[in-house]
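Results of the structural survey
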Amino acid sequence: MKSLMLFLKQHSIWFVTILVFISWSAVNIISYYGITNAKIDLSNGQIFTLSKHSQSLLKEMKSPLTIRFFYSREAGEHNPVIQRYAKRIRSLLLDYKSHSHGQIKLEFIDPKPYSSEEDLALSHGIQGVPLDNFGTKLYLGLSVASQTDDIVAIPYLDVEKEQFLEYDISRTLYDFIHPEKKNIGIITSIPLGNFVPEGKTMRFQPWALFQQIQDLYHLTFIDPATMQHLPTDMDILLMVQPSQLPDPLLYDIDQYILKGGKTIIFDDPLIESANPKAVPHSTHGIDFLFNAWGIAIDPSMVVGDFSNATAVAQDNSAQQVTSYLPWPTLTKNNFSRDDVTISNLNRIQLASAGFIQKMANHSTIIAPLLFSTKQSMPLNVDIVRRASPKELLSHFKPSGISYTYGARILGSLSTAFPNGISNHPPKNEHGMSNTVDESASSPHVLHSVKDTHVVVIADIDLLHDRFWAQIQDMYGQRVVIPFSDNAFFILNMIDQFGGSDSLIHLRSKGNQTRPFTTIDVIKKKSEQLYLAKEKSLQQSLIILEKQLTDAATKNNNASSIITPSQGQTIEAIRFKLLETRKELRNVNHALREEIESYYFIIKWIGIGMIPSALCIIYFIIGIRKTVIRRRIH
């Protein structure tokens, strides 16, 4: 018996290992055959658990819905990623059913080739993705059907959008629970899209954000050239660089906002997402109302933020990057922590954004939503257009002020038409003045009569695809994969103005981007140090080159023969020139090496640290056991 105990004691670590393996296998076998729905969600933000916001949404269901999940089991068996994702979708759908109080009926359908199930998938709008040249297709989508056979489908549940799975499903259910869509009016002076080739013609394709808005809301484009008044049934007003608005329309906007109208305004000093020549200067547009409210956006200045500057390729070289001051990548530190539309987001990308200021002697409240760090300074728009990223960086001097990129405008606003519209008679198509009968519509007000619901953002480029999403074509379907939260911020704001807070929380939950902010700060500081040294060397280089030119010119003017003294001078200058160039190359090389070393450290921490730590712990335990055994013997 003693010998057995001694044997077990000496080899206890191996027995523990075997015991752990047996326990792990037992837990997996029991969970597979028995506790199929039990799970522990240890993820940050509980992204694998049906959120309380989805549960609240399910409580609002008044009539049953049928969710059909189409998954090609055989086709997915050869792809572990798809197989795992399909299991997660199935698990999440079961969660929806369990919290629906019997209002959701679930069907899991395997659409095998040439089967009636495949016909059903196609009739519900599910997209089959070809896997090989033999016609094998993978179906991975779902449809939601009401009792009246209204069907809405998610054609393909792309694994790249896994973090938004719950939002996509809840959004589809929300549309069934609240079928009435809000009406959004848009006033813009720039095209909110691009012309893309389609065959031999060009087709106008809206920016992805506005395509999403169009899918969720009724949009009405208000053309100031033909529409003199706002629609009466409008729920939310979007204004994108509004310019040259006729007085009757401005008056309607003024009164709409003072009477509590919900409005989001984008006004940008430097638009990079549209042809500058095609963008009219913002005069007699929203600036006319801003003056009455006591706020201003300087049209000649944008903000340069050193701490948040985005890294861009230098001289079109992917090997050399530098920080571009006018393009800030904002993180949580630059968001309002009290505003539900943005506090849970992680990253917003701006481009050459202006800043909002309050005028003196006005009581209007500017509540910042997006703001710069104090390592910022205003940059002249003309200089930003001409200067390279390195030139901007070399002249950077922080003002120590945090600038407001976007804000809620609160408090009591004053009208820009204190005497009504009659003193600003509009002209008809014949150039004749019209008289507006104010009493015919609603009473004229001088100040806000309801709570103010206005958001102003001093940037338009954040709306453009290239600053927040990667667009992919998935077998004819346009798939939008966000890398920044720009669209979520705008959609959150619209959802809040439309009265849907639950969707805001769900959308915020979806994005789990974790930027390496500390590493970015270290990298930027080292970059600034190296650039200062590089600037000094560049100046020395210019002086030496001028000295060399002067020496050569002087000699040519005097004589064709170079004296020994002149030759020594020229050689000395050339030697200094070569040394300076060499030092300059070394500085650039050192900068690249230092940046690469930071990324190497991150990769090592992410990939090798935990296995290495476990090996060290195991090694220490082994050494300790050996020492103890030797002491015993």
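Counting restarts for each chain: residues are numbered from 1 in the order of the written sequence. For a predicted model such as this one, the threshold for reporting local features is a pLDDT of at least 70, and the threshold for listing and counting side-chain atom pairs is 80 or more; totals across whole chains, interfaces and linings nevertheless cover every residue. Hydrogens are left out, water is left out, and the side-chain values use all remaining heavy atoms of the structure.

Brief notes about the overall build of the chain
A helix here means a DSSP run of H or I that spans at least four residues, while a strand means a run of E at least two residues long, and both kinds are numbered starting from the N terminus. A count of helical and extended segments in the chain gives 16 helices and 23 strands. Long-range pairs, those at least 24 residues apart, make up 74% of the contacts in the chain with a sequence separation of at least 6. Put simply, the chain shows about 34,500 Å² of open surface, and 57% of that area lies on carbon and sulfur atoms. Any two residues whose heavy atoms approach within 4.5 Å are treated as being in contact. Accessible areas in this description were obtained via Shrake-Rupley with a 1.4 Å probe; residue shielding takes into account the shown protein chains only.

Notes on the pattern of salt bridges
Note on definitions: salt bridges are taken to be side-chain nitrogens of Lys or Arg within 4 Å of carboxyl oxygens of Asp or Glu. What the rule picks out here adds up to eight salt bridges. Note that arginine 88 and glutamate 162 form a salt bridge whose closest N and O atoms lie 3.3 Å from each other. Within this pair, whereas arginine 88 is found in helix H5 (residues 80–98), its partner glutamate 162 is found in the loop between strand E5 (151–154) and helix H7 (165–177), the two being separated by 74 residues in sequence. Each member of the pair, arginine 88 as well as glutamate 162, carries the same accessibility label: buried. As a salt-bridge pair, aspartate 175 and arginine 171 come within 3.6 Å of each other at their nearest N and O atoms. Highlighted residues: aspartate 175 and arginine 171, both in helix H7, separated by four residues, approximately one helical turn. Residues joined by salt bridges that share partners form a network here, namely Arg68, Lys105 and Glu107. Burial classes follow relative accessibility: with a 1.4 Å probe on protein chains only, a residue under 20% of its type's maximum area counts as buried, one over 50% as exposed, and anything between as partly exposed.

Overview of the packing of aromatic side chains
When the centres of two rings from Phe, Tyr and Trp lie within 6.5 Å, Trp using its six-membered ring, the rings pair. Their planes under 30 degrees apart give stacked, over 60 give edge-to-face, and anything left gives tilted. Scanning the entire structure with this criterion turns up 11 aromatic pairs. Taking 5.8 Å as the distance between ring centres and 55 degrees as the angle between the ring planes, the aromatic pair formed by phenylalanine 290 and tryptophan 293 counts as tilted. Taken together, the residues span about one helical turn, with phenylalanine 290 and tryptophan 293 both in helix H10 (residues 286–293) at a distance of three residues. You can call phenylalanine 290 buried: its relative accessible area is 3%. We classify tryptophan 293 as buried; its relative accessible area is 1%. In textbook terms, an aromatic cluster arises when at least three aromatic residues are bridged by ring pairs, as seen for Phe69, Tyr71 and Phe108.

Some points on a nonpolar patch on the surface
Patches here are clusters of residues that have more than 30% relative accessible area and form no salt bridge, with a 9 Å joining cutoff for like charges and a 5 Å cutoff for nonpolar side chains (Val, Leu, Ile, Met, Phe, Trp, Tyr). Among the surface-exposed residues, Ile616, Phe619, Ile620, Ile623 and Val627 lie close enough to one another that they form a single nonpolar patch of about 480 Å² accessible area. Among the secondary structure elements, isoleucine 623 is positioned in helix H16 (residues 564–632).

Re the environment of aspartate 95
In this fold, aspartate 95 is placed in helix H5. When its relative accessible area of 15% is taken as the criterion, aspartate 95 is described as buried. For aspartate 95 and leucine 50, which are 45 residues apart along the polypeptide, the C-alpha to C-alpha distance reads 6.5 Å.

A short note on the confidence of the model for the chain
Scored from 0 to 100, pLDDT records how confident the predictor is in each individual residue. On average, residues of the chain score 81 in pLDDT, and 77% of them reach the 70 mark or higher. Counting contacts from residues 423–440, a segment whose pLDDT is below 50, to residues more than four positions away or on other chains yields 20 contacts.

Examining a positive patch on the surface
In this tally Asp and Glu are treated as negative and Lys and Arg as positive; neither His nor the chain ends contributes. For this purpose, a charge sits on NZ of Lys, CZ of Arg, CG of Asp or CD of Glu. Together, Arg624, Lys625, Arg629 and Arg630 make up a region of like positive charge exposed at the surface. In this structure, arginine 624 sits in helix H16. Residue arginine 624 is classed as exposed on the basis of its relative accessible area, which comes to 56%.

Looking at H7
Here a helix's expected span is defined as the number of its residues, less one, multiplied by 1.5 Å. Over its 13 residues, H7 extends 19 Å from the first C-alpha to the last, a length consistent with the 18 Å expected when each residue adds 1.5 Å. Most of H7 sits out of view: 12 of its 13 residues are buried. Along H7, the positions that sit buried rather than exposed are Leu165, Glu166, Tyr167, Asp168, Ile169, Ser170, Arg171, Thr172, Leu173, Tyr174, Phe176 and Ile177.

A short note on the sheet that holds strand E11 (residues 262–266)
Taking strand neighbours across the sheet as the criterion, the seven strands line up as E9-E6-E10-E11-E21-E20-E18 in an open arrangement whose pairing is mixed. Single-partner strands in this sheet number two, and they are strand E9 (218–221) and strand E18 (365–371). Between one strand axis and the next, the sheet turns by 20 degrees as a mean value, whatever way the strands run. When DSSP finds at least two bridges between two strands, those strands are taken to pair. With five bridges joining them, E11 and strand E21 (residues 453–457) adopt parallel strand pairing. Looking at the pairing, isoleucine 264 lines up with valine 455 of E21. Fitted lines through C-alpha atoms give the axes, limited to the stretch in contact for helices. The angle between two N-to-C directions lies from 0 to 180 degrees. Taken strand by strand, helix H13 (residues 486–498) contacts strand E6 (183–188), strand E10 (236–240), E11, E18, strand E20 (404–410) and E21, and its axis lies near 160 degrees from that of E11.

Focus on the packing of H5 against H7
Where H5 contacts H7, the two axes come as close as 11 Å, and the packing angle between them is 45 degrees. Judged by the inter-axis angle, H5 sits oblique to H7. Relative to H7, H5 is oriented so that their crossing is right-handed. Contact with H5, carried on its side by Tyr85, Arg88, Ile89, Leu92, Leu93 and Tyr96, involves Leu165, Glu166, Ile169, Ser170 and Leu173 of H7 and no other residues of that element. Here the residues of the contact of H5 with H7 sort into eight nonpolar, one polar and two charged. Relative orientations are named as follows: roughly parallel for angles under 35 degrees, roughly antiparallel for angles over 145 degrees, roughly perpendicular for angles from 65 to 115 degrees, and oblique for any other angle. Left-handed describes a crossing in which the near helix is turned anticlockwise from the far one by less than a right angle; the clockwise case is right-handed. Basically, the charged four are Asp, Glu, Lys and Arg, the nonpolar ten are Ala, Val, Leu, Ile, Met, Phe, Trp, Tyr, Cys and Pro, and anything else, Gly included, counts as polar.

Side note on the packing of helix H3 (residues 52–59) against H7
Axis separation between H3 and H7 bottoms out at 10 Å; the angle between their running directions is 20 degrees. Classified by the interaxial angle, the pair formed by H3 and H7 is roughly parallel. Of the two elements, H3 crosses H7, and the hand of that crossing is left-handed. In this structure, H3 contributes Ser54, Leu57 and Leu58 to the contact, and H7 contributes Glu166, Ser170, Leu173, Tyr174 and Ile177. Per-class residue counts for the contact of H3 with H7 are five nonpolar, two polar and one charged.

Comments concerning unusual backbone geometry
The phi angle at aspartate 149 is positive, at roughly 65 degrees, despite the residue not being glycine. Under the relative-accessibility criterion, aspartate 149 is labelled exposed at 63%. Its identity as a non-glycine residue notwithstanding, asparagine 361 has a phi of 65 degrees, on the positive side. Mapped onto the elements of the fold, asparagine 361 is located in the loop between strand E17 (356–358) and E18.

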